Amino acid sequence: MRNRMREKHVSGCAVTIFVLSLFSEKNRIMRVFIFLADGFEDMEALATRDVLLRGGVEVLTVSLIEDWQVDSSHGVTVIADMSWPDFRSDIAVESDDVLVFPGGMPGSKNLAGHSELMELMKAHYTAGGTVAAICAAPGLVLSQLDHLEGKRFTCFDGFEDALIAKGAVFTPEPAVIDGQMITGRGAGHAIAFGLAILNALKGSEAVAKVRHGLML
């Protein structure tokens, strides 16, 4: 098992190096970073990733620990594209990148409790960057942002109060886009959430193409 994991790590590292070199070219591609904490919700992370890849978006998953392996809320072990130390040392987040926060428990709490990630999110949002969260993550993670008055959002039932307290407006839709903030209701709406992010990045034609491929 150890040798197999090492081989995967080497393979993942090669992919990461390739992607990073691609992103450094003159015509830089907008990137989506999906942050995975232990206890993340499987569908909300991986279905979102799948939809975006189908839409031709460059996606990197980032483990919030030093290990590249992250365990989902349902006990599935996922090998992320990079660890948190790799992300911090190798990546300079740009204002046109998108930061994605899956839900799940205790994944959402682990995301919200990662102070360095929360500071990065706040700085990104302040600089005009887009943030996206689904399920419990809007209430636990995005609620740490400022200037949310009048922003429309959705989330899993019971996690809306912190955002409402900041003046945001809860609407029980599958996915909501309001300027720089994209939110999803829960695991059953993970595809709608991914399509909302895709729409924000590449427009309705890209969304229609992916929907056709998924027979939606």
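Residues numbered from 1 in each chain as written. Predicted model: local features only at pLDDT ≥ 70, side-chain atom pairs only at ≥ 80, totals over all residues. Heavy atoms only, no water.

This brings us to the overall build of the chain. Assigned secondary structure in the chain consists of nine helices and ten strands. Going through the 216 residues of the chain one by one, you find that 48% of them count as buried. Across the chain, contacts joining residues at least 24 apart in sequence account for 62% of those joining residues at least 6 apart. Split by element, the accessible area of the chain, about 10,100 Å² in all, is 53% carbon and sulfur. (Helix = DSSP H or I, 4+ residues; strand = E, 2+ residues; numbered from the N terminus. Buried < 20%, exposed > 50% of the residue type's maximum accessible area, 1.4 Å probe, protein only. Contact = heavy atoms within 4.5 Å. Areas by Shrake-Rupley, 256 points an atom, 1.4 Å probe, with all protein chains shown as cover.)

Applying the stated criterion across every chain yields a total of six aromatic pairs. Taken together, the ring pairs in this structure connect F33, F35, W84, F87 and F101 into an aromatic cluster. (Phe/Tyr/Trp six-rings, centres within 6.5 Å; stacked < 30°, edge-to-face > 60°.)

A surface patch of like charges, here negative, comprises D38, E66, D67 and D71. Within the fold, D67 resides in the loop between β2 (58-63) and β3 (69-71). (Patch = residues over 30% accessible without salt bridge, like charges linked within 9 Å, V, L, I, M, F, W, Y side chains within 5 Å. Salt bridge = Lys/Arg side-chain N within 4 Å of Asp/Glu carboxyl O. Lys, Arg positive; Asp, Glu negative; His and termini not counted. Charge placed at Lys NZ, Arg CZ, Asp CG, Glu CD.)

A few words now on helix α5 (residues 115-126). In an α-helix, one turn spans 3.6 residues; hence positions three or four apart end up facing the same way. Relative to the 16 Å expected for twelve residues at 1.5 Å per residue, α5 spans 17 Å between its end C-alpha atoms, a close match to the ideal helical length. Residues of α5 that are buried include every one of L117, M118, L120, M121, H124 and Y125, and no others. Projected down its long axis, α5 shows its buried positions confined to an angular sector of 160 degrees, all on one face. Residues of α5 that are exposed and point over 90 degrees away from its buried face: S115 and T126. (Expected span 1.5 Å × (residues − 1). Arc of directions from axis to C-beta.)

With that settled, the discussion passes to the sheet that holds strand β6 (residues 130-134). Strand order in the open sheet made by the six strands is β2-β1-β5-β6-β10-β9, with mixed pairing throughout. The sheet terminates laterally at β2 and β9 (175-178), the two strands that pair on one side only. Shown here is a sheet whose adjacent strand axes are inclined to one another by a mean of 15 degrees, direction ignored. On the sheet, α5 packs against β1 (31-36), β5 (98-101) and β6 and is oriented at approximately 135 degrees with respect to β5. Against the sheet, helix α8 (residues 190-202) engages β1, β5, β6, β9 and β10 (181-184), with an angle of about 165 degrees to β10. (Pairing = 2+ DSSP bridges. Axes fitted to C-alpha atoms, helices over the stretch in contact; angles between N-to-C directions.)

Okay, the pairing of β1 next. A large share of β1 lies buried, amounting to six of its six residues. Along β1, one buried face is formed by R31, F33 and F35 and the opposite face, lined by V32, I34 and L36, is buried too. Pairing of β1 with β2, which is carried by six bridges, proceeds in the parallel orientation. Across the sheet, the residue bridging to V32 is V59, located in β2.

Looking at the chain, the pLDDT average stands at 89 and 87% of residues meet or exceed 70. Note that residues 1-26 has pLDDT below 50 and, in this model, 22 contacts with residues that lie over four places away or in other chains. (pLDDT = per-residue confidence, 0-100.)

Let us look at the side chain of E160. By secondary structure assignment, the location of E160 is in the loop between β7 (152-153) and α7 (161-164). Of the side chains with opposite charge, R185 lies nearest to the buried E160, which makes no salt bridge, at 6.5 Å. In this structure, E160 is in contact with F153, C155 and F170, ignoring residues within four places of it in sequence.

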